[in-house]
Amino acid sequence: MTTTPHFGLGLALARGGNPAAAAEHLALAAAMRPDLAHYTEALRGVRATLAARSQAGSGAPPPSAADGE
């Protein structure tokens, strides 16, 4: 399978509210094509969503952003 179907499916899953499944496909796409920054950025966004949901579920405060970000 080429990277485009993994990337497209990952985006569709993320937009459909399933970031865990999205992360799997986006990670595959990003691993196969690390030269495509938008693949890595999409994966980073989905992983941030998962981290935020995990933090919200644990009752811990969300991580603070570093200065300048």
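Let me begin by describing the structure that accompanies this report. Since we're looking at a predicted model, the values are computed, not measured.

**Quick look at the overall build of the chain**
At step 1: Regarding its fold elements, the chain presents 3 helices and 0 strands.
At step 2: Long-range pairs, those at least 24 residues apart, make up 40% of the contacts in the chain between residues at least 6 apart in sequence.
At step 3: Taken as a whole, the chain presents about 4,600 Å² of accessible surface, with 59% of it coming from carbon and sulfur.

**As for the pattern of salt bridges**
At step 1: Inspection of every chain in the model, using the stated rule, returns 2 salt bridges.
At step 2: With its nearest N and O atoms 2.5 Å apart, the salt bridge here joins Glu41 to Arg44. Taken as a pair, Glu41 and Arg44 lie in helix H3 (residues 37–58) at a separation of 3 residues, close to a single helical turn.
At step 3: By relative accessible area, which is 46% here, Arg44 ends up partly exposed.

**Considering the nonpolar core**
At step 1: Counting residues in each nonpolar core, the largest one holds 10 residues, listed as Phe7, Ala22, Ala23, Leu26, Ala29, Ala30, Tyr39, Ala42, Leu43 and Val46.
At step 2: Contributions of two or more residues to this core are made by helix H2 (19–32) and H3.
At step 3: Sequence-distant contacts of Ala23, that is, excluding residues within four places in its chain, are made with Leu43, Val46 and Leu50.

**Overview of the environment of Gly45**
At step 1: Along the chain, Gly45 falls in helix H3.
At step 2: The exposure class of Gly45 is partly exposed, given its relative accessible area of 35%.
At step 3: In this structure the C-alpha to C-alpha distance between Gly45 and Ala23, which are 22 residues apart in sequence, comes to 9.2 Å.

**Looking at the environment of Phe7**
At step 1: Along the polypeptide, Phe7 turns up in helix H1 (residues 3–15).
At step 2: When neighbours within four sequence positions are excluded, Phe7 is seen to be in contact with Leu26, Ala29, His38, Tyr39 and Ala42.

So, how was this worked out
- Residues numbered from 1 in each chain as written.
- Predicted model: local features only at pLDDT ≥ 70, side-chain atom pairs only at ≥ 80, totals over all residues.
- Heavy atoms only, no water.
- Helix = DSSP H or I, 4+ residues; strand = E, 2+ residues; numbered from the N terminus.
- Contact = heavy atoms within 4.5 Å.
- Areas by Shrake-Rupley, 256 points an atom, 1.4 Å probe, with all protein chains shown as cover.
- Salt bridge = Lys/Arg side-chain N within 4 Å of Asp/Glu carboxyl O.
- Buried < 20%, exposed > 50% of the residue type's maximum accessible area, 1.4 Å probe, protein only.
- Core = buried A, V, L, I, M, F, W, Y, C linked by side-chain atoms within 4.5 Å.

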